[in-house]
Amino acid sequence: MTILKVIIDKVTYDVECGEGEEEYLREAEKLLNLKIDENSHLRTLSQSKKFLMLSLLLASEINLQNNINKDNNKEYEKIQKELTELEEVLQK
């Protein structure tokens, strides 16, 4: 295991990670700092509330993306069905 120093909102944390996970942690670190920068009001919160709010913001974004993906999958399935029907017509 590797101990990685991660800086979130100017606070350093030692985080243990498995081999090959370092880049994922660095990306998470960048994302969390970006969210704090985008939502400067978070800086005034206690550490626990700040991380709670970050979690809620990220969960909301994930839910939104999941809904978009579901809609896209429905459209894809609809197109696939139409293509199958067209292929059947062309084969006649």
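Let us look at the structure shown here.

About the thresholds
Residues numbered from 1 in each chain as written. Predicted model: local features only at pLDDT ≥ 70, side-chain atom pairs only at ≥ 80, totals over all residues. Heavy atoms only, no water. Helix = DSSP H or I, 4+ residues; strand = E, 2+ residues; numbered from the N terminus. Rg over C-alpha atoms; globule rule 2.2 N^0.38 Å. Buried < 20%, exposed > 50% of the residue type's maximum accessible area, 1.4 Å probe, protein only. Contact = heavy atoms within 4.5 Å. Areas by Shrake-Rupley, 256 points an atom, 1.4 Å probe, with all protein chains shown as cover. Lys, Arg positive; Asp, Glu negative; His and termini not counted. Charge placed at Lys NZ, Arg CZ, Asp CG, Glu CD. Core = buried A, V, L, I, M, F, W, Y, C linked by side-chain atoms within 4.5 Å. Phe/Tyr/Trp six-rings, centres within 6.5 Å; stacked < 30°, edge-to-face > 60°. Pairing = 2+ DSSP bridges.

Section: the overall build of the chain
So, point 1. On a plain count of helices and strands, the chain comes out with 2 helices and 2 strands.
So, point 2. In sequence order, the chain lays out its α and β elements as β-β-α-α.
So, point 3. At 22 Å, the chain has a C-alpha radius of gyration far larger than the 12 Å of a compact globule built from 92 residues.
So, point 4. The dimensions of the chain, computed from C-alpha atoms along their principal axes, are 70 × 35 × 15 Å.
So, point 5. Every one of the 92 residues in the chain was classed for burial, and the buried ones make up 17%.
So, point 6. Taking the contacts inside the chain whose residues are at least 6 apart along the sequence as the reference set, 25% of them involve residues at least 24 apart.
So, point 7. Accessible surface, the chain as shown: approximately 7600 Å² in total, 56% of it carbon and sulfur.
So, point 8. For the chain, the separation between the mean place of its 13 positive charges and that of its 19 negative charges on side chains is 7 Å.

Some points on the nonpolar core
So, point 1. Counting residues in hydrophobic clusters, the biggest one holds 9 residues: L4, V6, I8, C17, L32, I36, L42, L54 and L58.
So, point 2. For this core, the elements supplying multiple residues, two or more each, are β1 (2–8), α1 (22–38) and α2 (47–91).

As for the packing of aromatic side chains
So, point 1. The tally for this structure, following the rule as stated, stands at 1 aromatic pair.
So, point 2. Measuring from ring centre to ring centre gives 6.2 Å for Y13 and F51, while their planes differ by 75 degrees; the resulting arrangement is edge-to-face. Taken as a pair, Y13 in strand β2 (residues 11–17) and F51 in helix α2 lie far apart in primary sequence, 38 residues in all.

Some details on the pairing of β2
So, point 1. Taken together, the 7 bridges between β1 and β2 define a ladder with antiparallel strand orientation. Each bridged residue has a counterpart across the sheet, and for K5 the counterpart in β2 is D14.
So, point 2. Taken together, β1 and the strand that follows it, β2, pair antiparallel across an intervening segment of 2 residues, in which D9 is found at a positive phi of about 55 degrees.

Remarks on unusual backbone geometry
So, point 1. A positive phi angle is found at D9, which is not glycine, with a value near 55 degrees.
So, point 2. Take D9: it is sitting in the loop between β1 and β2.
So, point 3. Notably, K10 is not glycine yet its phi reads approximately 65 degrees, a positive angle.
So, point 4. Exposure remark for K10: the relative accessible area of 75% places this residue in the exposed category.

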